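# Results of the structural survey
Residues per chain are reported as follows:
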Amino acid sequence: MESANKDLLIHKNLIAYLMESLLTSMNEIYWTRKAVKQLLRVHALHRTQIRDAVTCLERMPDVINVKALSLHDYGYRLRVGNYRVLFDWNGSIQVISIQEVKKRDERTY
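These remarks concern the structure in this document. Given the structure is predicted, the values throughout are model-derived calculations rather than measurements. By convention here, each chain's residues receive numbers from 1 onward along its written sequence. With pLDDT at 70 or above as the cut-off, local features in this predicted model cover only qualifying residues; side-chain atom pairs require 80 or more to be listed or tallied, and sums for whole chains, interfaces and linings still use all residues. Hydrogens and water are ignored here; the side-chain numbers use all heavy atoms of the structure.

### Describing the side chain of Q99
Secondary structure is summarised from DSSP: a helix means a run of H or I of at least four residues, a strand means a run of E of at least two, and numbering begins at the N terminus for each. As for its placement among the helices and strands, Q99 is situated in strand β5 (residues 95–103). We call two residues contacting when some pair of their heavy atoms lies within 4.5 Å. Beyond its immediate sequence surroundings of up to four residues, Q99 is in contact with T32, K34, A35, Q38, Y74, L86, F87 and D88.

Okay, structure coming up:
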C-alpha cells in the first residue's frame, strides 16, 4: 500500500513538473515564406525529419543540435542530418523565426 502511494506521489510530481515546464518554456515558431519554399523542395523523408526537429525548438534553449552562430545573418542553426535550419531566437520574447532551410555544403554558412 505504501509503495502505491509513493508511486502515485512521484507520478503527480512528474505531471506537475511537466505542466509547469510546458507553460513556462514554450516558444512560438514562425516560418518565413522563403524557409517554407525551401522546405517544400526537400525530399519528403527529410522534410518530415526537419519539421519534427523544428517542433523541438519550442523547448529552446533545452534543445540538442543547436549552435549559436557568430558573424552570420542569423543567430542560430539547427542541424538535421545533412540539412541546416537557420533561425533567430529572442529568449525574452520566446519567438523563433525560421529563416532558411539548406542542405549542408561549403556555402551553407
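### Some words on the packing of aromatic side chains
Pairing of aromatic rings covers Phe, Tyr and Trp, the last through its six-membered ring, and needs centres within 6.5 Å; plane angles under 30 degrees mean stacked, over 60 mean edge-to-face, and all others mean tilted. What the rule picks out here adds up to 2 aromatic pairs. When the ring of Y76 is compared with that of F87, the centres are 5.6 Å apart and the planes differ by 15°; the resulting orientation is stacked. Remark: F87 occurs in strand β4 (residues 83–90) and Y76 occurs in strand β3 (residues 76–80); sequence separation between them is 11 residues. Here F87 falls in the buried class, since its relative accessible area comes to 0%. Only protein chains enter the accessibility calculation, which uses a 1.4 Å probe. A residue is then buried if its area is under 20% of the maximum for its type, exposed if over 50%, and partly exposed in between.

### Quick notes on the sheet that holds β3
We treat two strands as partners when DSSP finds at least two bridges between them. Read from one edge to the other, the open sheet built from 5 strands follows the order β1-β5-β4-β3-β2, with strand pairing classed as mixed. Here the strands that pair on one side only, and so sit at the sheet edges, are β1 (28–31) and β2 (66–68). This sheet shows a mean twist of 30° between the axes of neighbouring strands, independent of strand direction. The pairing of β3 with β4 spans 5 bridges and is antiparallel. Working convention: axes come from line fits to C-alpha atoms, limited for helices to the stretch in contact. Angles between N-to-C directions cover 0 to 180 degrees.

### Some words on the pattern of salt bridges
In the sections that follow, a salt bridge refers to a side-chain nitrogen of Lys or Arg positioned within 4 Å of a carboxyl oxygen of Asp or Glu. Across all of its chains, the model carries 2 salt bridges by this definition. Ionic pairing is found between E100 and K102, a salt bridge with its closest N-O pair at 3.3 Å. Note on E100: relative accessible area 7%, which makes it buried.

### Brief notes about helix α2 (residues 33–40)
For α2, the full list of buried residues reads A35, Q38 and L39. Angularly, the buried residues of α2 cover 100° about the axis, an arc narrow enough to put them on a single face. Turned more than 90 degrees away from the buried face of α2 sit R33 and L40, all of them exposed. Packed against the buried residues of α2 are β1, α3 (44–55) and β5. Summarising the geometry, the arc corresponds to the directions from the helix axis toward the C-beta atoms.

### Some remarks on the pairing of β4
In terms of burial, β4 is largely enclosed, as 6 of its 8 residues are buried. Hairpin connection, β3 to β4: the antiparallel pair is bridged by 2 residues, and G81 has positive phi, about 60°. Sheet topology places β4 next to β5; 8 bridges connect them, and they run antiparallel. By the bridge assignment for β5, N90 is matched with V95.

### A short note on the pairing of β5
Direction of pairing for β1 relative to β5: parallel, over a ladder of 4 bridges. Following the sheet pairing, W31 is matched in β5 by I98.

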